[in-house]
Amino acid sequence: MSGGGCSIVWFRRDLRLDDNPALTAGMRAGAVVALFIWAPEEEGQYQPGRVSRWWLKQSLAHLDSSLRSLGTPLITKRSADSVSSLLGVVKATGATQLLFNHLYDPLSLIRDHRAKEVLTAQGIAVRSFNADLLYEPWEVNDAHGQAFTTFSSFWERCLNMPYDPEAPLLPPKRIIAGDVSKCPSDTLVFEDESEKASNALLARAWSPGWSNADKALTAFINGPLIEYSKNRRKADSATTSFLSPHLHFGELSVKKVFHLVRIKQVLWANEGNKAGEESVNLFLKSIGLREYSRYISFNHPYSHERPLLGHLKFFPWVVNEGYFKAWRQGRTGYPLVDAGMRELWATGWLHDRIRVVVSSFFVKVLQLPWRWGMKYFWDTLLDADLESDALGWQYISGTLPDGREFDRINNPQFEGYKFDPNGEYVRRWLPELSRLPTEWIHHPWNAPESVLQAAGIELGYNYPFPIVGLDAAKARLEEALLQMWQQEAASRAAIENGTEEGLGDSSESAPIAFPPDIQMEEGHDPVRNNPLSVAQSYEDQMVPSITSQVRVEDEEASSDLRNSTGDSRAEVPMNVNLQQNARGTLNQGPNEGTLQVVYRNTRIQNGASELRNAAEESTAESSSSSSRRDGGVVPVWSPPASSYSDQFVGDENGIGASSSFLQTHRQSHQLLNWRGLPQTNS
DNA sequence: TAGGTTTTGCT
DNA sequence: GCAAAACCT
């Protein structure tokens, strides 16, 4: 199918050779040029942090050597604009086809859409695939064809889909190299001199690269998995899977993970091994959360910037850089929190439980804006993953319909004795407390003077007093929530009176800026300060380019999303350019097979229904055909037409639409309970 | 001891 | 907000 030219396989966060549908498609079509483009400026405020870049560097080296052993190098390009680099590579290699696997963060949705548009206009065939998820976000819908808004219902559906996730593909045995003689690689720089020393330590603990990932997976599944449930409460146990950085860069295929874990699940179920079954369910759930993070990101592309429940917009965050600094440095006076933050700083790693502890402390006790914390995680975690981190912080912040209650404060002292009963974790990361007896290790401020003295601790000198007392925090939180509800009610009233629909309060909906010391990693380039400006001229909607079926469960062309009140969700601005849309989609023309349009993400009020219907007809057609689910759709979401903050208007009230927090809650929970929500899928 | 009350875990 | 677990009495 290749014509004469070769295919470019554009690697991004799918740095593996096995179960890589873009690569497989490229091989089948003939000669392949494997390409990686390093364009960090495109990531706006979210350029990868030091440890993340270290990982990427190793992983790419690994991928390159694997590819070479199969017959072709990995071409690397340094770029400020991926799309023009793609065009350059097309020219230099005479490629006629571009293949890549989907990503779901907002910047990628835009960029990939643009890539598809631009290259298609140049006569290049562009095909894209699902390599990152069990199911594409638009495949997972409720009975009305709408997106789920709670994790449990989403995951339940995933586990009970009428068809299984695709079986993982094998790695190629050899690859026919495209002509890259006129397409030299750029040297990519991922670390500066000052970072090298710290990075050297990472290599002792981690082995990036897809075949190492594969070994790690096998080892985990045959080892710690069975104890996963039992051990999940320990702060420093070696019982987490440690697969997350591998997963972030796509060194591991989630479908493969799922597949292998399911085999164990069946095995242990047959043996009646309850602990094993529970472990599997729990582990799969964490895979499910990762899926859900993409799902949320696709359906609510602003989820890394804005709370999904609108009322949180009115929360009076404490904008206190001193608190923020104390938290980052592990000097809050709460040993478990501080130990976690020091571990994160030192290693780029944090056990999931401790992530919850430190982030909930951040939001509830310090009441700092959650996006600061999220950004810090992004900068420091080895497995930094924007979608997962956004989901995690939204959960902690109580901004998800099924998140935790906002007004409950966890007590780090109690959590300390729960997750670190013997104080070993604290002693490892807080040497200044290492001589304190376990009895006091999680609350040194209560320890008698003599005990402190014997342990060599002088509070306020070599270890701080608690930065905020829990009682004070509780009082301040209640006060803040009161304020939030009042403002929310006032705003709702204003909207109902029609006095203020729209732009009035853009200052409130605009996110609080990052503090300067975090901001310094960004900003030379104007594009970075407004990550979406890059794409502002591309206003059209999804650009599905080709074939492939996406199964749509719902029979009726149930049109709009959740609520019919006039609001719209953030990712779906009203000012969609349908002309472009039509051109982008329907004229894609005679690629193989059917044309697929996916509209989950779209909320087009007028004029789009024909499009949608066309889409669904073609879906109906294609879903009856074979099991070919390659090819695919580039999920794209349209950027705001004008300014950044305009975008916030549309999604004013987040998932809950214009209903109040309580109503939203009640609804979602009723829905949940109604269905009797089976605990597991046993 | 059964019964009520409080705490915990949810993504 | 709910269910299950833990904790009282």
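Residue numbering note: each chain is counted from 1, following its sequence as written. Whichever chain is written first is A, and whichever ligand is written first is 1; the rest continue in order. It should be noted that, the model being predicted, local features are given only for residues of pLDDT at least 70 and side-chain atom pairs only at 80 or more, the latter also being counted only at that level, while totals for whole chains, interfaces and linings use all residues. As a convention, hydrogens and water are excluded, and side-chain values are obtained from all of the structure's heavy atoms.

Asks: Please give an account of the UniProt feature "binding site: FAD" (unreviewed entry) in chain A that cites residues and values.
Replies: UniProt positions are given in the numbering used here, feature names are shortened, and annotations may be inferred rather than shown by experiment. Mapped onto this numbering, the UniProt entry gives "binding site: FAD" (unreviewed entry) at Tyr 228, Thr 240, Ser 241, Phe 242, Leu 243, Ser 244, Phe 283, Asp 383, Ala 384 and Asp 385. The annotated residues that sit in the lining of the largest cavity are Asp 385. Numbering of helices and strands starts at the N terminus; helices are DSSP runs of H or I of at least 4 residues and strands are runs of E of at least 2. Following the sequence through the fold, Leu 243 ends up in the loop between helix 7 (210-222) and helix 8 (244-248). Whether a residue is buried, partly exposed or exposed follows from its accessible area with a 1.4 Å probe, protein chains only, as a fraction of its type maximum: under 20%, in between, or over 50%, in that order. A relative accessible area of 1% means that Leu 243 is categorised as buried. A cavity, in this analysis, means grid points on a 1 Å lattice covering only the protein atoms where a 1.4 Å probe fits yet has no way out; a pocket is instead an open set bounded by protein on both sides within 12 Å along at least five of seven lines, and a residue lines either one if it has an atom within 4 Å of a point.

Asks: Before we move on, could you go through the pattern of salt bridges and cite the residues and values that matter?
Replies: Take a side-chain nitrogen of Lys or Arg and a carboxyl oxygen of Asp or Glu: if they are within 4 Å of each other, that pair is a salt bridge. Scanning the entire structure with this criterion turns up 22 salt bridges. The residue Arg 114 makes a salt bridge to Asp 81 at a minimum N-O spacing of 2.5 Å. Linking Arg 114 in helix 4 (residues 106-121) with Asp 81 in the loop between strand 3 (74-78) and helix 3 (82-93), this pair joins segments that are 33 residues apart in sequence. Taking relative accessible area as the criterion, Arg 114 reaches 11% and is therefore assigned buried. Across the pair Lys 375 and Asp 379 runs a salt bridge whose closest N-O atoms are separated by 3.1 Å.

Asks: Residue-level account of the UniProt feature "site: Electron transfer via tryptophanyl radical" (unreviewed entry) in chain A, with values.
Replies: Mapped onto the present numbering, the UniProt feature "site: Electron transfer via tryptophanyl radical" (unreviewed entry) falls on Trp 317, Trp 370 and Trp 393. Taking relative accessible area as the criterion, Trp 370 reaches 3% and is therefore assigned buried. Aside from chain neighbours lying at most four places away, what touches Trp 370 is Ser 303, His 304, Glu 305, Arg 306, Pro 307, Trp 317, Phe 362, Val 363, Trp 393, Gln 394 and Ser 397. Here Trp 393 falls in the buried class, since its relative accessible area comes to 2%. Should any heavy atoms of two residues lie within 4.5 Å, those residues are counted as being in contact.

Asks: Could you give me a rundown of empty space enclosed by the protein, with the residues and numbers involved?
Replies: Grid points are joined across faces, edges and corners, and a volume is the space filled by probe spheres set on the points. What the rule picks out here adds up to 10 cavities of 30 Å³ or more. The volume enclosed by the largest cavity comes to roughly 390 Å³. In this structure, the largest cavity is lined by 27 residues; those nearest its centre are Arg 13, Trp 38, Glu 43, Pro 48 and Arg 111. Residue assignment for the lining of the largest cavity shows that the elements contributing at least two residues are strand 1 (7-11), strand 2 (32-38), helix 2 (50-70), helix 4 and helix 15 (386-396). Among the residues making up the lining of the largest cavity, the classes are represented as 15 nonpolar, four polar and eight charged. In this classification, the charged set is Asp, Glu, Lys and Arg, the nonpolar set is Ala, Val, Leu, Ile, Met, Phe, Trp, Tyr, Cys and Pro, and all remaining amino acids, among them Gly, are polar.

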